[in-house]
Amino acid sequence: MEIPFSTFALPLCLSIVWLVFLTRRKIHGLYIDVLAIAYSYDLLSSSFRSGENTFHFTIFGNFVVGLRGNDARKIYFNERYFSTSEGYKMFSKAVPVPALAKTLISAEEEHGSHFKKQLDILVNRDRFSEIIATMLGDIQRVMSGWHDEGTLDPFDKINDIAFRVTVHMITSSDFVSDSSPLSRFQDNFFTQLKNNTPAMIFLPWFYRSAQKEKEIAITSLFTTLTQFIEAREKTEISLPAVEPIDLLLAHGLNTQEAIQFIIGFLFGSVFNTTKAISWILIYISIYPQWVSAIRRETENVLYKLSSNPSETLHSRLSKVPGDAWEDSMPTLDLVISETLRLTMNQTAIRRNIGEDVQIPGGKDIVPGGAFTVYSHADAHLNPEIYPEPWSFQPERFEQGKQKSSNDFLGWGAGRHRCVGMRIAKLIIKTVVCTFVVTYDFDIKRRKNMLSSTKTIPVPDYNKVNEARPKGEVITLNYVKRMEHPR
């Protein structure tokens, strides 16, 4: 018997409609995943409704709440249940589902406290003079390999300095003395860093060679450090220990703990200090009055504290005490803060490992187990906090002009302040002062069709592991100065 078409036409049409709906929903979900990972700055800049401080979306099947506004910012940086370490596990597509208990909180606080204790072993007032002298020696060794004049890519050249300074600070003189092994170690470090991209998260099968390259680089890093530390453990060390790695081992760290600290310190320091220094040089080359001001400030410090002009610059700078580096360079402090405001506008992610948290001014709560994201640009590029936010105005950070402690997030805020701020600022200052006093320089900009109409260059805020300008290539023309500071 022939079955009439009308008998199955309606179910077939409904099935097709349902299939289209599911397909569109899956495509939309994939689109949100891509947008949230690859274009997080754009997502958070455009998704809030007028008058609301929250919005929500789903990524990798996880509930995420976006935040903005002063009240939400205070909660984001001060809520003890908002975990950074649990937050970033999302990007490995291995999000844990832990019991939402206080054991997680205590574990994270213990980890942060442990890292800070290790850092305090190496960076303390008793070692400041030695640290400064070592830094400036490394800076001088790298810069001595440059020509007296030429053109340089600041991100490339400054990266070499920042990496050597940082590695020396946490290993030993013999580890950095041989340029060939150090160069391989540096190559491996940046190989694994550059391969942490959104594309590799979404299309791992397409990037198999890059994944393999990353695995080889990580293995090489750990092998190099293991061999180095085990060799130091077998070496008879004269007490008191003076090399950084010996200090760590003398305080009871085993090989694995020392490796974790070294890798963690490198991740936290090298990229961010390179980014800050490079952008400082770019901005002050656009506004050369700040070059003159920093140079004058540095030379005044040298005149007061290291007055023998016959000595080399790095030797004279080495004699400037730590207190002077921290307290006697207010102009450079202003420039650092303004540079961080313009460049450090990453999207931070945390996970709520406690109870539900209500966000003022928003319809959404952050449930226990959910994730929450916040863009530093919400504060740093807010014209109500920083008038003309796209302009370079270091004077806006002069004493008395800040409205709130949560307005500036360059070093974090609340419970999430950078524990390495002190040493990071010292690295930035030593490199900038050495460069500014040693060279005259100006900027060369080559824009492309993607360049911004804004008057100053800015990094691509969507690319968290990329420091270069968005839409243009920037180099610096430099020439060594003949005169010496008085």
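Anything mentioned here points back to the structure above.
Reference entry: report on the structure contained in this document. Not measured: the values here are computed from a predicted model.

1. Quick notes on unusual backbone geometry
Move 1: At Glu-388, a position not held by glycine, the phi torsion is positive, near 50°.
Move 2: Here Glu-388 is to be found in the loop between α18 (377-380) and α19 (421-438).

2. Quick notes on the nonpolar core
Move 1: Trp-146, Ile-161, Leu-266, Ile-284, Trp-325 and Phe-441 are the most contacted members of the largest nonpolar core, which has 117 residues in total.
Move 2: Here this core takes 17 residues from helix α13 (residues 255-286), the largest share from any one element.
Move 3: Once residues lying within four places of it in the same chain are set aside, the contact partners of Phe-441 are Leu-281, Ile-284, Ser-285, Val-291, Phe-435, Val-436, Leu-476, Asn-477 and Tyr-478.

3. Description of the sheet that holds strand β9 (residues 439-447)
Move 1: The strand order β4-β10-β9 describes an open sheet built from 3 strands, whose pairing is antiparallel. What marks the edges here is a single partner per strand, and that holds for β4 (149-152) and β9. Within this sheet the neighbouring strands show an average axis-to-axis angle of 20°, counted without direction.
Move 2: Pairing analysis gives 9 bridges linking β9 to strand β10 (residues 472-480), with the strands arranged antiparallel. Within β10, the position partnered with Arg-445 by the bridge is Ile-474.

4. Let's talk about the packing of α13 against helix α17 (residues 330-343)
Move 1: Following both chains from N to C, one finds α13 and α17 inclined at 105°, their axes separated by 9 Å at the closest point. On the basis of the axis angle, α13 is roughly perpendicular to α17. Touching Lys-275, Ala-276, Trp-279, Ile-280, Tyr-283 and Ile-284 of α13 are Val-335, Ile-336, Thr-339, Leu-340, Leu-342 and Thr-343, all from α17.
Move 2: Its residues placed into classes, the contact of α13 with α17 shows 9 nonpolar, 2 polar and 1 charged.

5. Remarks on the packing of helix α7 (residues 154-170) against α19
Move 1: Taken N-terminus to C-terminus, the directions of α7 and α19 make an angle of 135°; their axes are 11 Å apart at the nearest point. The orientation of α7 relative to α19 falls into the category oblique. You can see that α7 and α19 cross each other, and the crossing is right-handed. For the pair α7 and α19, contact is made by Ile-158, Ile-161, Val-165, Thr-166 and Met-169 and by Ile-423, Ile-427 and Val-431, respectively.
Move 2: Each residue belonging to the contact of α7 with α19 can be placed in one class, and the counts come to 7 nonpolar, 1 polar and no charged.

6. Concerning the pattern of salt bridges
Move 1: For the structure shown, the criterion picks out 20 salt bridges.
Move 2: In this structure, the salt-bridge partner of Asp-407 is Arg-73, at a minimum N-O distance of 3.6 Å. With Asp-407 in the loop between α18 and α19 and Arg-73 in helix α3 (residues 70-78), the pair connects residues that are 334 residues apart, well separated along the chain.
Move 3: Taking the relative accessible area as the measure of exposure, Asp-407 reaches 4% and is therefore buried.
Move 4: Between Arg-422 and Glu-326 there is a salt bridge, and its shortest N-O distance comes to 2.6 Å. Of the two residues, Arg-422 is situated in helix α19 and Glu-326 in helix α16 (residues 322-327); the sequence distance between them amounts to 96 residues.

Each value, and the rule that gives it
- Residues numbered from 1 in each chain as written.
- Predicted model: local features only at pLDDT ≥ 70, side-chain atom pairs only at ≥ 80, totals over all residues.
- Heavy atoms only, no water.
- Helix = DSSP H or I, 4+ residues; strand = E, 2+ residues; numbered from the N terminus.
- Core = buried A, V, L, I, M, F, W, Y, C linked by side-chain atoms within 4.5 Å.
- Buried < 20%, exposed > 50% of the residue type's maximum accessible area, 1.4 Å probe, protein only.
- Contact = heavy atoms within 4.5 Å.
- Pairing = 2+ DSSP bridges.
- Axes fitted to C-alpha atoms, helices over the stretch in contact; angles between N-to-C directions.
- Parallel < 35°, antiparallel > 145°, perpendicular 65-115°, else oblique.
- Nonpolar A, V, L, I, M, F, W, Y, C, P; charged D, E, K, R; others polar.
- Left-handed = near helix turned anticlockwise from the far one by under 90°.
- Salt bridge = Lys/Arg side-chain N within 4 Å of Asp/Glu carboxyl O.

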